[in-house]
Amino acid sequence: MPKPRPPGLVRIGDGPSQRVTVAEAIAMAQQHHARGELKIAEHLYVRVLDVEPGNGRALSYLGVLRHQTGRNSEAVTLMRKAVERHPREVNFIFNLGKVHQTLGELPQAIEAYRRALEIDPRQPQAHCNLGNALHQQGKLTEALEQFERGMAACPDSSILRDLYLCALNYLPRPDLAAIFAAHRKFGELFESPSIRLAPRSAPAGGEANDRRLRIGYLSPDFKQHSVAHFIEPVLAAHDKKRFEVFCYSNNLIADDVTQRIRSKADHWRLVANLSDDEVAGRIQADAIDILVDLAGHTPLNRLTVFARMPAPVQVTWLGYPNTTGLASMDYRITDALADPVGASEVFHTEKLVRLPECFSCFQAPTPCPPVAPPPSVKTGHITFGSFNNAMKITPEVVAVWSKILGQVAGSRLILKYQGLDSAYMTELLRGQFAAHSVSPERLDILGKDLGQFEHMQRYNAVDIGLDPFPYNGTTTTLDALWMGVPVVVLAGCNHAGRVGVSQMGNLGLQELVAKDGDDYVGLAVALANDAPRLAALRSGMRDRMIASPLMDVPRFTRHLEEAFRSMWSEHAASIRR
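Residues numbered from 1 in each chain as written. Predicted model: local features only at pLDDT ≥ 70, side-chain atom pairs only at ≥ 80, totals over all residues. Heavy atoms only, no water.

Engineer: Hey, could you run me through the sheet that holds strand β12 (residues 443-446) in this one?
Structural biologist: Consider a sheet: its strands pair through backbone hydrogen bonds, and that pairing is either parallel or antiparallel. An order of β12-β11-β10-β13-β14-β15 is seen for the six strands of this open sheet, with the pairing classed as parallel. Each edge of the open sheet is held by one strand with a lone partner, namely β12 and β15 (513-514). Relative to strand β13 (residues 464-466), strand β10 (residues 383-386) is paired through two bridges, and the arrangement is parallel. In the strand pairing of β13, G385 is matched with G465. Contacts from helix α17 (residues 423-434) reach β11 (412-416) and β12, with the element oriented near 150 degrees to β12. (Pairing = 2+ DSSP bridges. Helix = DSSP H or I, 4+ residues; strand = E, 2+ residues; numbered from the N terminus. Contact = heavy atoms within 4.5 Å. Axes fitted to C-alpha atoms, helices over the stretch in contact; angles between N-to-C directions.)

Next up, the structure:
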């Protein structure tokens, strides 16, 4: 018979001395957890619970881990036990709310966040997630008000202000001056000369313009993420004789995409566990010439690193459709269709650099199914579709899409996004469309597929894509087009609402760009009623994309590199002055 385990000690290995206290075991598990060593962390949490079945920290953290690995029902069970045993532990309540939110169970998530804030109103992440949950319900005004309450309670939280700024991009009638002022406020709060690093010394003879430049890309999204579709091909196509590429990854999560991206960089730096000062110091030590932000105000960004000015030239690109608001950010990369000349400059702290054709270049997912004929040929009815974030399906979008369904007899609409297939979200969306006389059975509401191939296969059930507004799709639109699905877009007044204009303009499909809501309805209805045109667009769309600037990676990368060279020339000239 095995010897009984000493009370309060956790066996972490087979050796006679490998017993530690519960607190030590949890600390070790958290260290492995933070490093992404999930199997080891899980083993340690389970060992703790063998000794103390009611240990709240082990229950909650194991719940987080199982949520991260897709075992959500187990996660909820563990987290509920933690909350039941420790009803005033804010972090346990918050973690439970986060899992409910991921599952699309928004009422339960909102209840948990509000309970956590009642106990401690100075919890910035609870304010963040409560605001996001309200936004997912389509309550943008309430979400903005919640973010404002959170910013008042937690004025030092850059994350709260990030989410507030992101939410402003969804306003149906945006006040561009007010939105710009809010972004400038971020810079005023989190930039200060006192945190800036001392500029690195210029080499003898100044900063030569013809030497190999060191480019640093900083992002949390070097993984399966929309940003990866656009940055991976550029990294592969960079002229490594003229540019030395560094990737600074701000995410502990790694997957197959991470490994591919890592293989395309000259240098890889994991900075997720480093402070802003440490990251800035590492970048300066690497002597980066041009540091490129790929996240803007989206989650896990490191804009506060840029505020420290670790590189002589700093650029924002790709991940966010607006200004950063930072005086320390020198440039923002865009194009003339997404940001028309003369219309956008006044709303940016950065100098706008417009690439000659498009502001990004797309890499199609692989493996990918072939394009199928229009599904209406078999079904006998038109199927519209949008695979966009639920936050983009605003009340104004629901009203316009309902008009389209009302004018195309027998048509259906597929909505697809992670969490949309929860009972709550399905009922919520059906109710929103029912208010515009669209019967529930005309909506097919889907959640996340197991793999990328299965996700792309869903587009073969869609005849016509509907782009949301005022915040357009980006990757979702290009995915649809790659699968042969023509997409109707609405031209907005800023970058978030003009991505579709850029994409369609670069494809030579300006006729799919609507000028207002009525025009949008008219274009969608006309296309639905023109079967030959629909079939021709579908059969030729993939070839059209391959021949367009949107997928000409070498050409796009040369344009980007020329822009970098021009930026560096300006910097070198300023040194000489």
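Engineer: Where do I start with the side chain of E191 in this structure?
Structural biologist: Within the element layout of this structure, E191 appears in the loop between α10 (176-190) and β3 (213-219). The charged side chain of E191 is buried without a salt bridge, its nearest counter-charge being R196 at 4.4 Å. In terms of polar contacts, E191 uses its side chain to reach the side chain of S328, at 2.4 Å. Excluding anything up to four places from it in sequence, E191 contacts F186, R196, A307, G325, L326, A327 and S328. (Buried < 20%, exposed > 50% of the residue type's maximum accessible area, 1.4 Å probe, protein only. Lys, Arg positive; Asp, Glu negative; His and termini not counted. Salt bridge = Lys/Arg side-chain N within 4 Å of Asp/Glu carboxyl O. Polar contact = N/O pair within 3.5 Å; in protein donor to acceptor, adjacent residues only side chain to side chain.)

Engineer: Which parts of the structure should I look at to understand the packing of helix α1 (residues 22-34) against helix α2 (residues 38-51)?
Structural biologist: When two helices pack together, their arrangement is captured by the angle between the axes and the distance separating the axes. Running from N to C, α1 and α2 cross one another at 160 degrees; their axes reach a closest spacing of 8 Å. One finds that α1 runs roughly antiparallel with respect to α2. Of the two elements, α1 crosses α2, and the hand of that crossing is left-handed. Facing V22, A25, I26, M28, A29, Q30, H32 and H33 of α1, the residues of α2 in contact are L38, I40, A41, L44, Y45, V48 and V51. Across the contact of α1 with α2, the residue classes break down as twelve nonpolar, three polar and no charged. (Parallel < 35°, antiparallel > 145°, perpendicular 65-115°, else oblique. Left-handed = near helix turned anticlockwise from the far one by under 90°. Nonpolar A, V, L, I, M, F, W, Y, C, P; charged D, E, K, R; others polar.)

Engineer: I keep staring at the nonpolar core and nothing clicks. Help me out?
Structural biologist: Considering soluble globular proteins, one finds that nonpolar side chains tend to be buried as a cluster. Formed by 145 residues in total, the largest nonpolar core has its most connected members in Y217, I231, W317, F384, W401, Y520 and F564. Sequence-distant contacts of Y520, defined by excluding residues within four places in its chain, comprise V400, W401, I404, L466, D467, F469, V488, V489, L490 and A514. Grouped together as the second largest cluster of nonpolar side chains are 30 residues, V10, A25, L62 and L65 included. (Core = buried A, V, L, I, M, F, W, Y, C linked by side-chain atoms within 4.5 Å.)

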